[in-house]
Amino acid sequence: MAALQGAQDGGTFFPPQATEAAAEHDSVFFLIFWISAFFFALINVAAVYFAIRYRRRAKGEPVEKSPSHNTKIELVWTIIPTLIVCYLFWIGMTGYVDRRTAPAGAYTVYVTGQKWSWSFAYPEGFVSNELHAPVGRAVKLVIGSTDVLHSVYIPAFRVKMDAVPGRYTEAWFESNRPGTYNLFCAEYCGQQHSMMGASVVIHADRAGFDEWVKEQTDLGDLTPVELGALLYTRKGCNTCHTLDGARLVGPSFKDLYGSPREFEGGGTAIADEAYLREAIMEPTARVTKDYSPTMPDFKNGPIKIEASELVGFIEFIKSLSADGAAEQAQAPGEAPEQEQE
Ligand code: CUA
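Reading guide: rules and limits
- Residues numbered from 1 in each chain as written.
- Predicted model: local features only at pLDDT ≥ 70, side-chain atom pairs only at ≥ 80, totals over all residues.
- Heavy atoms only, no water.
- Helix = DSSP H or I, 4+ residues; strand = E, 2+ residues; numbered from the N terminus.
- Rg over C-alpha atoms; globule rule 2.2 N^0.38 Å.
- Buried < 20%, exposed > 50% of the residue type's maximum accessible area, 1.4 Å probe, protein only.
- Contact = heavy atoms within 4.5 Å.
- Lys, Arg positive; Asp, Glu negative; His and termini not counted.
- Charge placed at Lys NZ, Arg CZ, Asp CG, Glu CD.
- Phe/Tyr/Trp six-rings, centres within 6.5 Å; stacked < 30°, edge-to-face > 60°.
- Lys NZ or Arg CZ within 6 Å of the ring centre and 35° of its normal.
- Patch = residues over 30% accessible without salt bridge, like charges linked within 9 Å, V, L, I, M, F, W, Y side chains within 5 Å.
- Areas by Shrake-Rupley, 256 points an atom, 1.4 Å probe, with all protein chains shown as cover.
- Salt bridge = Lys/Arg side-chain N within 4 Å of Asp/Glu carboxyl O.
- Expected span 1.5 Å × (residues − 1).
- Arc of directions from axis to C-beta.
- Pairing = 2+ DSSP bridges.

Draft legend 1. Up close: the overall build of the protein. Looking only at helices and strands, one finds 8 helices and 12 strands in the protein. A globule of 341 residues ought to have a C-alpha radius of gyration of about 20 Å, yet the protein, at 29 Å, is considerably larger. In the protein, which comprises 341 residues, the proportion classed as buried is 35%. Contacts in the protein between residues at least 24 apart in sequence constitute 59% of all its contacts with a sequence separation of at least 6. Seen as two clouds, the 29 positive and the 41 negative side-chain charges of the protein have centres 17 Å apart.

Draft legend 2. Examining the packing of aromatic side chains more closely. Going through the model one piece at a time under the given rule, you end up with 24 aromatic pairs. With a centroid separation of 5.4 Å and an interplanar angle of 65 degrees, the aromatic rings of Tyr-122 and Trp-212 are classed as edge-to-face. Of this pair, Tyr-122 sits in the loop between β2 (117–121) and β3 (127–128) while Trp-212 is found in helix α4 (residues 206–217), placing the two residues 90 residues apart along the sequence. By relative accessible area, Tyr-122 is classed as buried at 5%. The exposure class assigned to Trp-212 is buried, which follows from its relative accessible area of 9%. The cationic tip of Lys-160 hangs over the ring face of Tyr-153; the distance from NZ or CZ to the ring centre is 4.8 Å. Lying over the aromatic face of Tyr-291, Arg-247 brings its terminal NZ or CZ to 3.9 Å of the ring centre.

Draft legend 3. Structural view of a nonpolar patch on the surface. On the surface, Phe-13, Phe-29, Phe-33 and Trp-34 cluster together to form a nonpolar patch covering roughly 370 Å² of accessible area. Tracing the chain through its elements places Phe-29 in helix α2 (residues 20–53). By relative accessible area, which is 32% here, Phe-29 ends up partly exposed.

Draft legend 4. Spotlight on α4. With 12 residues, α4 ought to run about 16 Å at 1.5 Å a step, and its terminal C-alpha atoms sit 17 Å apart, in line with that. Residues of α4 that are buried include every one of Phe-209, Trp-212, Val-213 and Gln-216, and no others. Within α4, the buried residues cover an arc of 100 degrees as seen down the axis, which keeps them to one side. Those residues of α4 that are exposed and aimed more than 90 degrees away from the buried face are Ala-207, Glu-211 and Lys-214. Where α4 is buried, its residues touch β1 (107–114), β3, β4 (131–134), β10 (197–203) and α5 (224–234).

Draft legend 5. Molecular detail of the side chain of Arg-261. Within the element layout of this structure, Arg-261 appears in strand β11 (residues 260–262). Here Arg-261 occupies a buried position and makes no salt bridge, while the nearest side chain of opposite charge, Glu-262, is found at 9.4 Å. Once you skip the residues sitting within four places of it in the chain, Arg-261 turns out to touch Pro-251, Leu-256, Gly-267, Thr-268, Ala-269, Ala-271, Tyr-275 and Thr-288.

Draft legend 6. Expanded view of the pairing of strand β9 (residues 179–185). Pairing of strand β6 (residues 150–154) with β9, which is carried by 2 bridges, proceeds in the antiparallel orientation. If you follow Tyr-153 over to β9, its bridge partner there is Phe-184. Sheet analysis places β9 next to β10, joined by 6 bridges and oriented antiparallel. Its bridge partner being in β10, Asn-182 is matched across the sheet by Ser-199.

Structure below.
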């Protein structure tokens, strides 16, 4: 059927199918759709036909006699729809059970939703703001939230599961199509809900995936500025803070270091290292004027940052202002920058 053919790449209704489950999902959808369309047409055509056929005619005309009972027809229109709905229940239920049960030995990634970013903790011991997996490998997502309800939604995989504070939920997928796909938050969670997304990268082979994992775990050689730049996206700071001076939920990092700060409820400070430390660890202690206290607290909150990471953040922010970059350039003992890969 032409419409079913179109479903191979998602068709008009759906995004591309990047898992076998997506193809199954779409075929069940279109089966139900076409059965419904068929009966919609059949019933409406019959209704119109009977309305005309048995309409009231001239005054005094005797009413046509209609049959009160027809066992054969009643059996047909009871048994056929019953078989159809039993079949639809069967494919729906088995599909549901398959989608809810991750295969044994699946690669497990912990997904954490937080206003307004996603983080993915991998079994190799690192955290990223992107979800990566090789093609043909079952991936189980164990999903949680540190604050409010969010929902993991990967349209190309037909995967959607709520992230509920205080408990874990599960979803899984196995992609058969390398590429980069969108992950959205599908549960309204506040101001930046629509910006709360992440990339899902499916590597064409295991080697490419392993190489990415290696890049994520080899942090030994990074300077604090490089570490900060990596953490800026990895920890999701980029959802609220830009590097180009544009305003999002929080102040931009550009030219932040060394600038005078004004606070809600009065008070001022110069954004030096001590201020940046406080602003990162206890962001609600002093809130910058005209901004709201929405940043997670790294001192008392559920997500911690290490001392070396804090240094990375501060040095990265410094590198984004003229004052800070000048200071870093003069750092004693710092080797002149070299071209190296
Ligand atoms: Cu998180 Cu919407």
